[in-house]
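Letter by letter, the chains look like this.
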Amino acid sequence: MLAGTGSDVGKSLIATGLCRIFRQDGYNPAPFKAQNMALNSYATPDGLEIGRAQAVQAEAAGIACSTDMNPILLKPSGEHTSQIVINGRPAGNRDSYSYFRKEGREELRKVVHEAFDRLSHRFNPIVMEGAGSISEINLRDSDLVNMSMAGHADAGVILVADIDRGGVFASAYGSIMLQPEEDRRRIKGIIINKFRGDLRLFESGKRMMEEICGVPVLGVVPYAGDIHIEEEDSVALGLKATKSAPDKVNVAVVLLRHISNFTDFNVLERNPDVNLFYTNNPADLSSADIIILPGSKSTLSDLYELRRSGLAQAIVRARDNGKTVIGICGGYQMMGIEVCDPDGVEGKLNSLPGLGLLPVKTVLTGTKVTRQVSFRFLGDENLCNGYEIHMGRTEADKTATPLNTICDDGTADGCFADNRCFGSYIHGLLDNATVVSYLISPYLKEERSENFDYAAFKEKQYDLLAEHLRRHIDIDTLYKIMMRHD
């Protein structure tokens, strides 16, 4: 298990790299995180929902993802409330206080233990990931994902500490010493992550860390800004790219408060013809050729915020001025005439008018659609792939033109107004070269670059990450820790 001294210390990235290393070394690894909190999710091949990070880790391991890799997913929906997804299916909304109470935890504990047991019978080793900090002693009795899970799995624990945020000695030492003796014995090593500068300057620090903590430092891992692995946290999105690049196609993704599945735009971001940026400033949209409304965990709340902030008016104005506006999932719903929530699925807002850019109306429902799909974009002969995760039913005007045709059943998806205005429920829409070419070709100033092979790009990044970790972590000692049973 990779456990953390805090949130965002880099556990997920290291877990991804270890999955690739173990696969390279001839093993059959799989990732596992008992409970994940994220808005970035993914549909498994059997149409269930897990956290995106575990899907990425499974891809690095060379296997299909499954709900056993992330049996509990919490999707924040605002006001201290989250949708709880258990074994891939929504199980209602809970506020944080009621969820983290000790009452009822044994039922959830059984869920995660059974998922791990099923997974460990199929794969070896299991690369487990904790959540947040293991030193939150006030939550120890209700813990499902950290040391209690390590105990069930009888796993050796490697503590991941973030040196970039400061206080690395105190956070590592405190995290270990705050554990009861039984759990403290499980901690077999430390990985210091996010190092900047000359590694030689930390040699004495490494020895000091080992002396005060009583466990070996397995590695000091530097930042690797040139390695690109799909992210789960949306915190840094607003810092990405410049707001205008005159020699490229400028694409603005509207930075919604509850943005989800922003990995939809990774392929576009890597395209050499494109400058992609995220913004919640109406003025920034004037420099964009293309505006994308992304997915949202709380469509009505984000639609309300679009109107309050002036973004809605700016998007409509951009459309009137000939710019391209497209929507994906929640963004597609917002582009319609109206979004209604008669059953209070999302909260207290019953309905709001949409942006009126597409002749569709949406009713939010308690039934969630989760599935992987193959489709044809505007009747093109090239087969495209993606996935759906949404709660809501969208009906189009009889005169509306569908955007996509789903191959399995011939049903329609999305709505097409013209070549500069359309929407779809399909995440991964922009992972397909056919769609990207159609989207950006009106704005290309010269012959476009060769289509970007995102699948090959991701495979290369996993290999680069594995190489980076091998260079900076003592993998031989890690194997010895894994083989030892004490």
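Note: the structure precedes this text.
A brief report on the enclosed structure follows. (Residues numbered from 1 in each chain as written. Predicted model: local features only at pLDDT ≥ 70, side-chain atom pairs only at ≥ 80, totals over all residues. Heavy atoms only, no water.)

Ordered by their spatial adjacency, 6 strands build an open sheet running E15-E13-E16-E18-E26-E25, and the pairing between neighbours is mixed. Only two strands of the sheet have a single partner each, and these edge strands are strand E15 (274–279) and strand E25 (415–418). Going from strand to strand, the sheet's axes swing by 15° on average, the running direction of each strand aside. As judged from the 3 bridges shared by E25 and strand E26 (residues 421–424), these two strands associate in the antiparallel manner. For aspartate 418, the partnering residue across the bridge sits in E26 and is cysteine 421. (Pairing = 2+ DSSP bridges. Helix = DSSP H or I, 4+ residues; strand = E, 2+ residues; numbered from the N terminus. Axes fitted to C-alpha atoms, helices over the stretch in contact; angles between N-to-C directions.)

Scanning the entire structure with this criterion turns up 13 aromatic pairs. Pairing phenylalanine 265 with tyrosine 278 gives two aromatic rings, centres 6.4 Å apart and planes at 70°, and the pair type is edge-to-face. Here phenylalanine 265, found in the loop between strand E14 (259–260) and helix H9 (266–270), pairs with tyrosine 278, found in strand E15; they are 13 residues apart in sequence, far enough to count as distant. This pair shows no difference in class: phenylalanine 265 is buried, exactly as tyrosine 278 is. An aromatic cluster is built from Phe377, Phe416, Phe422 and Tyr438, whose rings are joined through pairwise contacts. (Phe/Tyr/Trp six-rings, centres within 6.5 Å; stacked < 30°, edge-to-face > 60°. Buried < 20%, exposed > 50% of the residue type's maximum accessible area, 1.4 Å probe, protein only.)

The next point concerns the environment of serine 260. Structurally, serine 260 is set in strand E14. Note on serine 260: relative accessible area 7%, which makes it buried. Distance in space between the C-alpha atoms of serine 260 and lysine 297 is 6.2 Å, their sequence separation being 37 residues. Residues within four places of serine 260 in sequence aside, it is in contact with Leu39, Asn40, Gly295, Ser296 and Lys297. Looking at serine 260, its side chain comes within polar contact range of the main-chain nitrogen of serine 296, at 3.4 Å. (Contact = heavy atoms within 4.5 Å. Polar contact = N/O pair within 3.5 Å; in protein donor to acceptor, adjacent residues only side chain to side chain.)

In this fold, serine 135 is placed in the loop between strand E9 (126–128) and helix H5 (147–153). Engagement of the side chain of serine 135 in a polar contact is seen with the side chain of serine 133, the distance being 2.7 Å. Sequence-distant contacts of serine 135, that is, excluding residues within four places in its chain, are made with Ser175, Leu178 and Gln179.

Before going further, it helps to spend a moment on helix H15 (residues 475–483). All buried positions along H15 are accounted for by Ile475, Leu478, Tyr479 and Ile481. Along the axis of H15, the buried residues cluster in a sector spanning 160°; they form a single face. Away from its buried face, by an angle of more than 90 degrees, H15 presents the exposed residues Asp476, Lys480 and Met483. Residues of H15 that are buried make contact with helix H1 (11–24), strand E10 (157–162), strand E11 (187–195), strand E12 (217–222) and helix H14 (454–472). For H15, the N-terminal capping position is held by aspartate 474, with its side-chain oxygen 3.3 Å away from the main-chain nitrogen of aspartate 476. (Arc of directions from axis to C-beta.)

Let us look at the sheet that holds E11. The strand order E1-E10-E11-E12 describes an open sheet built from 4 strands, whose pairing is parallel. Bordering the open sheet on either side are strand E1 (2–4) and E12, each of which pairs with just one other strand. Taken pair by pair, the neighbouring strands of this sheet meet at an average axis angle of 25°, ignoring direction. Sheet contacts for helix H6 (residues 168–177): E10 and E11; angle to E10, the most-contacted strand, approximately 150°.

Another point: the side chain of serine 296. In this fold, serine 296 is placed in strand E17 (residues 295–296). Excluding anything up to four places from it in sequence, serine 296 contacts Leu256, His258, Ser260, Asp302, Gly330 and Met334.

Taken as a whole and judged by the stated rule, the model has 27 salt bridges. In this structure, the salt-bridge partner of lysine 33 is glutamate 129, at a minimum N-O distance of 3.2 Å. Here glutamate 129 lies in the loop between E9 and H5 and lysine 33 lies in the loop between strand E2 (30–32) and strand E3 (35–37), a separation of 96 residues in the sequence. For the pair formed by lysine 33 and glutamate 129, the shared burial category is buried. Note that aspartate 409 and arginine 371 form a salt bridge whose closest N and O atoms lie 3.8 Å from each other. Highlighted residues: aspartate 409 in the loop between strand E23 (404–406) and strand E24 (412–413) and arginine 371 in strand E21 (residues 360–377), separated in sequence by 38 residues. Judged by relative accessible area, which is 27%, arginine 371 ranks as partly exposed. The network of salt bridges with common partners includes Asp8, Asp162, Arg165 and Lys194. (Salt bridge = Lys/Arg side-chain N within 4 Å of Asp/Glu carboxyl O.)

On to the environment of alanine 412, then. One can find alanine 412 in strand E24. With a relative accessible area of 53%, alanine 412 lands in the exposed category. The spatial distance from the C-alpha of alanine 412 to the C-alpha of serine 424 is 9.9 Å, given a sequence separation of 12 residues. Setting aside residues no more than four positions away along its own chain, alanine 412 makes contact with Pro402 and Asn404.

A cluster of nonpolar side chains, Tyr173, Met177 and Ile212, forms an exposed patch at the surface whose accessible area comes to about 260 Å². Mapped onto the elements of the fold, isoleucine 212 is located in helix H8 (residues 203–213). Assessed through its relative accessible area of 42%, isoleucine 212 is described here as partly exposed. (Patch = residues over 30% accessible without salt bridge, like charges linked within 9 Å, V, L, I, M, F, W, Y side chains within 5 Å. Areas by Shrake-Rupley, 256 points an atom, 1.4 Å probe, with all protein chains shown as cover.)

With that out of the way, let us pick up the nonpolar core. In terms of nonpolar packing, the biggest core is built from 77 residues, with Leu18, Phe32, Met128, Ile190 and Ile192 touching the most fellow members. If we skip the residues at most four places from it in the chain, isoleucine 190 touches Ile158, Leu159, Ala172, Ile176, Met209, Cys213, Val215, Pro216, Val217, Leu218 and Gly219. Of all hydrophobic cores here, the second largest spans 61 residues; its members include Ala288, Val325, Met335 and Phe416. (Core = buried A, V, L, I, M, F, W, Y, C linked by side-chain atoms within 4.5 Å.)

In this structure, the amide linkage connecting asparagine 124 to the following residue, proline 125, adopts the cis form with an omega of 0°. Structurally, the position occupied by proline 125 is in the loop between helix H4 (105–122) and E9. Even without being a glycine, asparagine 87 presents a positive backbone phi close to 50°. Relative to the helices and strands, asparagine 87 is located in the loop between strand E7 (81–86) and strand E8 (89–95). Phi at aspartate 154 is positive, roughly 55°, even though this residue is not glycine. Mapped onto the secondary structure, aspartate 154 falls in the loop between H5 and E10.

Remember that the coordinates give geometry; whether it matters functionally is a separate question.
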